[in-house]
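So the chains spell out like this:
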Amino acid sequence: AQVQARGVLRAAEATATWLRAQPDVGGELATLATVLGASATTRHPAYPEPDWPLALHRRYQRRELVAAVGERRAGDTISVPQGGILKLDDSRRELLFVTLDKSGGDFSATTRYRDYAISRELFHWETQGVASVDNASGRRYLGSPGNGWRFFLFVRLDKSEAYTFLGPVTYRSHTGDRPIAITWQLTHALPADLLAHFQVLAPG
């Protein structure tokens, strides 16, 4: 399913031209950048995927993510794929979108999967319910990285938050079936503050 928004996606150059014609808006953005810069994290940004303008441990809305990975381009209608995954078949990459607190009314009992940070290096994630160790969707995860597929984790505590980009993950182990409970190894360890934030709903 997709959520349809109004308008089309602008190219960066078109946006810059529009801003130059709106000096008041530009001034407000400059002030906002100063305020946000003063309160921003001191972490130096890292970009795990050279062709994605996505900084590690920074927050993004889903519409920003689909544009950043090339799923939406300038001139496209602004629509955002929903669901917990986004497959990029051409490059054999998959985005995993995780909402930890699924207690809101938009989640049914069958979609309240158990996802949480185990440690700074490990993350527990459950596949969609249709994924099985015996079908293509399950084998895509369990057969990686030898099958050429790579996976990238985007996590938020609840629907009020943007997604935090946790970077690439690799298969470590699994249990169960329909859904499959997978333990992912994070390539980049979680900072302590993010670990505390994303471990809050862990069992025990």
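Since the structure is predicted, the reported quantities are computational estimates derived from the model, not experimental observations. (Residues numbered from 1 in each chain as written. Predicted model: local features only at pLDDT ≥ 70, side-chain atom pairs only at ≥ 80, totals over all residues. Heavy atoms only, no water.)

A. Up close: the nonpolar core. If you look at the biggest cluster of nonpolar residues, it comprises 24 residues, and the most contacted ones within it are F123 and W125. Contributions of two or more residues to this core are made by strand 5 (93–99), strand 7 (122–126), strand 8 (150–156), strand 9 (163–175), strand 10 (181–186) and helix 5 (192–198). When residues no more than four places from it in sequence are discounted, the contact partners of F123 are V98, L100, D115, Y116, A117, I118, L153, V155, I182, T183, W184 and L186. Counting 16 residues, the second largest nonpolar core, distinct from the first, contains A68, V69, L95 and F154. (Core = buried A, V, L, I, M, F, W, Y, C linked by side-chain atoms within 4.5 Å. Buried < 20%, exposed > 50% of the residue type's maximum accessible area, 1.4 Å probe, protein only. Helix = DSSP H or I, 4+ residues; strand = E, 2+ residues; numbered from the N terminus. Contact = heavy atoms within 4.5 Å.)

B. Focus on the packing of aromatic side chains. The full count for this structure, using the stated rule, is nine aromatic pairs. With 5.2 Å between their ring centres and 40 degrees between their planes, F151 and W184 make a pair best called tilted. One end of the pair, F151, is in strand 8; the other, W184, is in strand 10, with 33 residues separating them in the sequence. On the accessibility criterion, F151 (1% relative accessible area) is buried. Ring centres 4.7 Å apart and planes at 15 degrees place the aromatic pair F154 and F165 in the stacked group. (Phe/Tyr/Trp six-rings, centres within 6.5 Å; stacked < 30°, edge-to-face > 60°.)

C. Summary view of the pattern of salt bridges. Summed over all chains, the structure comprises six salt bridges. Across the pair E49 and R93 runs a salt bridge, and its minimum N-O distance is 2.7 Å. Of this pair, E49 sits in the loop between helix 2 (23–39) and strand 2 (59–60) while R93 is found in strand 5, placing the two residues 44 residues apart along the sequence. For E49, a relative accessible area of 7% puts it in the buried group. For R93, a relative accessible area of 7% gives the class buried. Among the salt bridges present, the one from D51 reaches R93, with a minimum N-O distance of 2.9 Å. Placement of D51 in the loop between helix 2 and strand 2 and of R93 in strand 5 is noted, with a sequence separation of 42 residues between them. Take D51: its relative accessible area is 47%, and that puts it in the partly exposed class. (Salt bridge = Lys/Arg side-chain N within 4 Å of Asp/Glu carboxyl O.)

D. The arrangement of a nonpolar patch on the surface in detail. A contiguous nonpolar patch, built from W18, V25, L29 and L32 and spanning about 330 Å² of accessible area, is present on the exposed surface. Within the secondary structure, V25 sits in helix 2. For V25, a relative accessible area of 32% gives the class partly exposed. (Patch = residues over 30% accessible without salt bridge, like charges linked within 9 Å, V, L, I, M, F, W, Y side chains within 5 Å. Areas by Shrake-Rupley, 256 points an atom, 1.4 Å probe, with all protein chains shown as cover.)

E. Seen up close, unusual backbone geometry. Residue P145 is bonded to the preceding S144 through a cis peptide linkage, with omega at 0 degrees. Position of P145 among the secondary structure elements: in the loop between helix 4 (136–142) and strand 8. Between R178 and the following residue, P179, the backbone shows a cis peptide bond with an omega angle of 5 degrees. Note that P179 resides in the loop between strand 9 and strand 10. Its identity as a non-glycine residue notwithstanding, H57 has a phi of 65 degrees, on the positive side. Looking at the secondary structure, you find H57 in the loop between helix 2 and strand 2. Judged by relative accessible area, H57 falls into the buried class, the value being 12%. The backbone of R92 sits at a positive phi, close to 55 degrees, despite the residue not being glycine. Tracing the chain through its elements places R92 in the loop between strand 4 (85–88) and strand 5.

F. Quick peek at the environment of S91. Tracing the chain through its elements places S91 in the loop between strand 4 and strand 5. Taking the C-alpha atoms as reference points, S91 and R150, separated by 59 residues in sequence, lie 8.9 Å from one another. Side-chain polar atoms of S91 contact the side chain of R93, separated by 3.0 Å. (Polar contact = N/O pair within 3.5 Å; in protein donor to acceptor, adjacent residues only side chain to side chain.)

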